[in-house]
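# Fold and contact review
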Amino acid sequence: MTTATTVEREIRLSFSKADEIHDGLDRAVDALIESAAADANCGILVTRHEPGTYTVALDESVPFGQTHEVLAA
């Protein structure tokens, strides 16, 4: 099961199965691409907080048109 919480510039995701992660993160990135294009001053940052828990967010430290990934822990 996947749980998602959406804030204006951020989507928080929790996955209970490893095989859901790739598709879930792809959908979250796709959902933020339109917002990133409207801003044209930020990219998308995918952060893994712990196994199965991620944040996908618009981030001004990421160049426009790019998606970066980081591990928080």
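For clarity, every value in this text was computed on a predicted model and none was experimentally measured. (Residues numbered from 1 in each chain as written. Predicted model: local features only at pLDDT ≥ 70, side-chain atom pairs only at ≥ 80, totals over all residues. Heavy atoms only, no water.)

### Structural notes on the overall build of the protein chain
Put simply, the test is: Secondary structure elements are taken from DSSP: a helix is a run of H or I of four residues or more, a strand is a run of E of two residues or more, and numbering for both begins at the N terminus. Relative accessibility under 20% of the residue-type maximum defines a buried residue, over 50% an exposed one, and the middle range a partly exposed one, all with a 1.4 Å probe and only protein chains included. Residue contacts are defined here by distance: any two heavy atoms, one from each residue, within 4.5 Å place the two residues in contact.
Of regular secondary structure, the protein chain possesses one helix and five strands. The order of α-helices and β-strands along the protein chain, N terminus first, is β-β-α-β-β-β. A buried classification covers 33% of the 73 residues belonging to the protein chain. Counted over contacts in the protein chain with a minimum sequence separation of 6, partners at least 24 positions apart contribute 34%.

### Re the pairing of strand β3 (residues 43-50)
Stated precisely, the cut-off is as follows: Here, any two strands with at least 2 DSSP bridges between them count as paired.
The pairing of β3 with strand β4 (residues 53-59) spans seven bridges and is antiparallel. Residue pairing in the sheet places Gly43 in a bridge with Asp59 of β4. Hairpin geometry of β3 and β4 is characterised by an intervening segment of two residues between the two adjacent antiparallel strands and by a positive phi of about 85° at Gly52.

### Let's talk about the packing of aromatic side chains
Going by this rule: Centre distance within 6.5 Å is the pairing criterion for rings of Phe, Tyr and Trp, where only the six-membered ring of Trp is used; planes under 30 degrees apart are then read as stacked, over 60 as edge-to-face, and the remainder as tilted.
According to the stated counting rule, one finds one aromatic pair in the structure shown. Ring centres 6.0 Å apart and planes at 70° place the aromatic pair Phe15 and Tyr54 in the edge-to-face group. Taken together, the residues span a long stretch of sequence, with Phe15 in strand β2 (residues 10-15) and Tyr54 in strand β4 at a distance of 39 residues. Residue Phe15 shares its accessibility class with Tyr54, and that shared class is buried.

### Here we look at the nonpolar core
Selection rule: Among buried residues, those of type Ala, Val, Leu, Ile, Met, Phe, Trp, Tyr and Cys that are joined through side-chain atoms within 4.5 Å constitute a nonpolar core.
In terms of nonpolar packing, the biggest core is built from 15 residues, with Leu13, Leu25 and Val56 touching the most fellow members. Sorting the residues of this core by element identifies β2, α1 (21-39), β3 and β4 as the ones contributing at least two each. Among the elements that line this core, the one with the most residues is α1, at six residues.

### Comments concerning a negative patch on the surface
Let me state the cut-off plainly: Only residues above 30% relative accessible area that lack a salt bridge enter a patch, with like-charged residues linked at up to 9 Å and the nonpolar side chains Val, Leu, Ile, Met, Phe, Trp and Tyr linked at up to 5 Å. The protein chains shown are the only cover counted for residues, whose accessible areas, like all others here, come from Shrake-Rupley with a 1.4 Å probe. Only one rule defines a salt bridge in this text: a Lys or Arg side-chain nitrogen within 4 Å of an Asp or Glu carboxyl oxygen. Neither His nor the chain ends contribute to the count of charged residues, in which Lys and Arg are positive and Asp and Glu negative. By convention, the point assigned to a charge is CZ for Arg, NZ for Lys, CD for Glu and CG for Asp.
Where like charges cluster on the molecular surface, the negative patch consists of Asp19, Asp23, Asp26 and Asp30. By the secondary structure assignment, Asp30 is in helix α1.

### Let's talk about the environment of Leu45
Within the secondary structure, Leu45 sits in strand β3. Spatially, the C-alpha atoms of Leu45 and Leu58 are 6.2 Å apart, while their sequence positions differ by 13 residues. Residue contacts for Leu45: discarding those within four places in its chain leaves Thr55, Val56, Ala57, Asp59, Val62, His68 and Val70.

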